[in-house]
Amino acid sequence: MTETHSGGCQCGAVRFRVDGALGDASVCHCRMCQKAFGGFYAPLVSVGKATLTWTRGAPKRFQSSNIVARGFCGDCGTPLTYEAPDGIALAIGAFDRPQDFTPVVQWGVEGKLPYTDRVHALPEQHTLADPNAAFLVNVISNQHPDHDTEIWPPP
Ligand SMILES: [Zn+2]
Ligand SMILES: [Zn+2]
């Protein structure tokens, strides 16, 4: 049986499916990936020999260099792809099950932010432990759920 993975952007306008075993998962610390993801690094898994299908909508693309394009949802901005001459990689956090992809290598370490290696050692708190964020008790997510949907947004 072929393995299948699904995912998409936070607003649900763009959804994808990948059939087959993907390539390596990694993080990239390079400055261009930091900027493209708005994060400390980019978590990516290469599609490799698997088959990527856009099952709802399609990403917009920004040609971030002469070589690489970055795909994202044009409605909500979620980063989705890194598209290079040797293939496409997908943002691990956009998958419905990001826990399925364990990074095995760090790229772009010349751009690594000095505190990144210490984040795991910082004090840990649950979301609702923040006394200034009590309003989050009543949060109702508008994000697409972590599975495919027949109709979206819900009527
Ligand atoms: Zn979206
Ligand atoms: Zn990078």
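Residues numbered from 1 in each chain as written. Chains lettered and ligands numbered in written order. Predicted model: local features only at pLDDT ≥ 70, side-chain atom pairs only at ≥ 80, totals over all residues.

1. Points about the pairing of strand β4 (residues 42–46)
Across the five residues of β4, four count as buried, placing the element largely inside the fold. Direction of pairing for β4 relative to strand β9 (residues 87–91): antiparallel, over a ladder of three bridges. Across the sheet, the residue bridging to Val 45 is Leu 90, located in β9. (Buried ≥ 20, exposed ≤ 12 C-beta atoms within 10 Å, placed from the backbone. Helix = DSSP H or I, 4+ residues; strand = E, 2+ residues; numbered from the N terminus. Pairing = 2+ DSSP bridges.)

2. Details of the pairing of β9
Bridging between strand β8 (residues 79–84) and β9 involves four bridges; their strand directions are antiparallel. Opposite Thr 81, over in β9, you have Leu 90 as the bridge partner. Between the end of β8 and the start of β9, which pair antiparallel, lie two residues.

3. Let's talk about the UniProt feature "domain: CENP-V/GFA" (unreviewed entry) in the protein
Under the local residue numbering, the UniProt record ascribes the feature "domain: CENP-V/GFA" (unreviewed entry) to residues 5–116. For residues 5–116, helix accounts for 6% and strand for 41%, while the C-alpha atoms at its two ends are 29 Å apart. (UniProt positions renumbered as here; feature names shortened; annotations may be inferred.)

4. Regarding unusual backbone geometry
The peptide bond linking Trp 152 to Pro 153 adopts the cis configuration, its omega dihedral lying at -5°. Within the secondary structure, Pro 153 sits in the segment after β10 (105–107).

5. Details of the sheet that holds strand β3 (residues 25–28)
Spatial strand order, β6-β7-β8-β9-β4-β3-β10: seven strands in an open sheet with mixed pairing. The sheet terminates laterally at β6 (60–63) and β10, the two strands that pair on one side only. Along the sheet, successive strands turn relative to each other by an average axial angle of 30°, direction set aside. (Axes fitted to C-alpha atoms, helices over the stretch in contact; angles between N-to-C directions.)

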